[in-house]
Amino acid sequence: MKPPALVLSVVGARPNFIKLAPVARALGQRQVRHVIVHTGQHYDADMSDAFFRDLEIPEPDFNLAVGSGSHAQQTAAVMERLDPLCSELRPDVVLVYGDVNSTAAAALVAAKLGLPLGHVEAGLRSRDRTMPEEINRIVADRLSDILFAPSRDGYDNLLSEGIPPQRIQFVGNIMIDSLLRALPAARQLDASSRHGVRRGEYTVVTLHRPSNVDEPGVLQELLRALSDIAADRPVLFPVHPRTSRRMTALGFQAGARVQVFEPVPYLEMLSLVMSAGLVVTDSGGLQEETTFLGIPCLTVRPNTERPITCTEGTNKLVPPHRDAIVSAARAALAGTASAAPTIERWDGSAGERIAAVLCDGARFD
Ligand code: UD1
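The present account deals with the structure reproduced in this document. Because the structure is a prediction, the values reported are computed rather than measured.

**So, the sheet that holds strand E1 (residues 6–11)**
Turning to step 1, where the next piece is worked out: With parallel pairing, seven strands are arranged side by side in an open sheet as E3-E2-E1-E4-E5-E6-E7. The sheet is open, and its two edges are formed by strand E3 (62–63) and strand E7 (168–170), each paired on a single side.
Turning to step 2, where the next piece is worked out: In terms of strand pairing, strand E6 (residues 146–149) meets E7 through three bridges, oriented parallel. Note that in E7 the partner of Leu147 across the bridge is Ile168.
Turning to step 3, where the next piece is worked out: Running over the sheet, helix H16 (residues 350–360) touches strand E4 (93–97), strand E5 (117–120), E6 and E7 and is turned about 160 degrees from E6.

**Section: the site of the ligand**
Turning to step 1, where the next piece is worked out: Not every one of the 22 residues close to the ligand is listed here, only the nearest: His42, Glu133, His208, His240 and Arg245.
Turning to step 2, where the next piece is worked out: In this structure, Tyr43 approaches the ligand through a main-chain N or O atom, which is 2.9 Å from an oxygen atom.
Turning to step 3, where the next piece is worked out: Contact between the ligand and Arg242: an oxygen atom at 3.0 Å from a side-chain N or O atom of the residue.
Turning to step 4, where the next piece is worked out: When residues of the shell around the ligand are traced back to their parent elements, those giving at least two are helix H1 (14–28), helix H3 (71–89), helix H5 (132–143) and helix H11 (241–249).
Turning to step 5, where the next piece is worked out: For the shell around the ligand, the element with the most residues is H11, which contributes three residues.
Turning to step 6, where the next piece is worked out: The residue inventory of the shell around the ligand, partitioned by class, reads seven nonpolar, eight polar and seven charged.
Turning to step 7, where the next piece is worked out: Split by domain, the shell around the ligand shows at least three residues from each of two domains, domain 1 (6–173 + 346–360) and domain 2 (183–334).

**What about the nonpolar core?**
Turning to step 1, where the next piece is worked out: The biggest cluster of nonpolar side chains holds 39 residues, and the ones touching the most others in it are Phe148 and Leu358.
Turning to step 2, where the next piece is worked out: Going through the elements one at a time, E1, H1, helix H2 (49–54), E4, E6, helix H7 (174–189), helix H12 (266–274) and H16 are the ones with two or more residues in this core.
Turning to step 3, where the next piece is worked out: Residue assignment places this core across two domains, with domain 1 (6–173 + 346–360) and domain 2 (183–334) each supplying three or more.
Turning to step 4, where the next piece is worked out: Setting aside its immediate chain neighbours within four residues, Phe148 contacts Leu95, Gly118, His119, Val120, Glu121, Ala122, Gln169, Val171, Ile354, Val357 and Leu358.
Turning to step 5, where the next piece is worked out: With 25 residues, the next largest nonpolar core counts Val205, Ala225, Leu298 and Leu333 among its residues.

**Observations regarding the packing of aromatic side chains**
Turning to step 1, where the next piece is worked out: Applying the stated criterion across every chain yields a total of two aromatic pairs.
Turning to step 2, where the next piece is worked out: Taken together, a centroid distance of 4.9 Å and an interplanar angle of 55 degrees make the contact between Phe17 and Phe52 tilted. Placement of Phe17 in helix H1 and of Phe52 in helix H2 is noted, with a sequence separation of 35 residues between them. Neither Phe17 nor Phe52 differs from the other in exposure class; each is buried.
Turning to step 3, where the next piece is worked out: Centre to centre, the rings of Phe51 and Tyr266 are 6.4 Å apart; their planes meet at 55 degrees, and the pair counts as tilted. Of this pair, Phe51 sits in helix H2 while Tyr266 is found in helix H12, placing the two residues 215 residues apart along the sequence. Per residue, the accessibility class of Phe51 equals that of Tyr266, and both read buried.
Turning to step 4, where the next piece is worked out: Over the ring of Tyr155 we find Arg152; its NZ or CZ atom is 5.6 Å from the centre of that ring.
Turning to step 5, where the next piece is worked out: The side chain of Arg353 reaches across the aromatic face of Phe364, ending 5.8 Å from its centre.

What counts, and at which threshold
- Residues numbered from 1 in each chain as written.
- Predicted model: local features only at pLDDT ≥ 70, side-chain atom pairs only at ≥ 80, totals over all residues.
- Heavy atoms only, no water.
- Pairing = 2+ DSSP bridges.
- Helix = DSSP H or I, 4+ residues; strand = E, 2+ residues; numbered from the N terminus.
- Contact = heavy atoms within 4.5 Å.
- Axes fitted to C-alpha atoms, helices over the stretch in contact; angles between N-to-C directions.
- Near = heavy atom within 4 Å.
- Polar contact = N/O pair within 3.5 Å; in protein donor to acceptor, adjacent residues only side chain to side chain.
- Nonpolar A, V, L, I, M, F, W, Y, C, P; charged D, E, K, R; others polar.
- Domains from an automatic or database assignment.
- Core = buried A, V, L, I, M, F, W, Y, C linked by side-chain atoms within 4.5 Å.
- Buried < 20%, exposed > 50% of the residue type's maximum accessible area, 1.4 Å probe, protein only.
- Phe/Tyr/Trp six-rings, centres within 6.5 Å; stacked < 30°, edge-to-face > 60°.
- Lys NZ or Arg CZ within 6 Å of the ring centre and 35° of its normal.

In short, the description is geometric, and any link to function would need to be established separately.
Structure follows, in structure tokens:
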């Protein structure tokens, strides 16, 4: 492939922005035009603008303003609005990130227009097709010409699915690029003291998966578990808008020891997580961030597409049952701190490797 003159990145949701930042920075240092398209899947200031600011990502060149809707509506809206833009610009490469609806929609558009497609964070598999993200990952990977794997297991998953090895590039984990760059500023922010909690003595919680929050019985069980955990140590719970609506419907009352607040920007979240005693979550990115930082993590899910966080890191899967969560939390909080593992190519250079593949013809096996 000759070096591209125009690379077009498509992002839509919070975790995409964290993955875009290092790629935008590395491409910015090369002779290539990089166009950023925001689909508008996430549109609240605290779900979107705050991330662009903290991560120092240039303003998007285009915003498709698709907003919320069913999966089909959201996917269709991205396709309808992205297709004419891609037809007009004819980028040399389209980059998609992660596993959200915007990722799958943009992959379909690029593939149907015959535009070379790259997928950043390729090869992750939960093998659970009830998760919308798993479908999005499979679609993006099947259609991609260049697959940027974050971990050796991701690389191996792609090989075992019959993807030709020359298409796969083991560039490492792009989330860690953003984390390493942000750590000094996050440390300075000292968000825990602003929340009135002491370092190492509190639990950070995030929950937003449909399987955990859309069913009132399950959410109720999880909220009871949080109250129990908070009886021992304070709980800080920045709440995703999807979860917030469900909690209001259940009549949830925050107590003094469960602090409930709006979603926080990237640096503030990192600052809270790096000083936490424990994280309880169903997020993908937090499983990786806690592993890298050596912070104990309980993931409220039956499976994970990031198994390395369990085998080498601090992550533990727990079912959505009050007793199971509370006893795992007590065990984690009583345990001794574990050293953060060293994971191959989780080193802050994934963005640079991606740019080297695209612009310099580099290869990473
Ligand atoms: C999406 C991703 C998920 C990712 C998560 C990170 C898919 C299928 N899911 O889930 O993988 O972990 O983002 O946050 O793409 N809403 C707002 N304001 C916003 C955005 C959303 O109020 O800025 C509300 C809307 O009511 C919306 C709901 O949240 O219907 C869900 O948003 P959506 O983007 O559809 O999915 P997420 O749950 O955020």
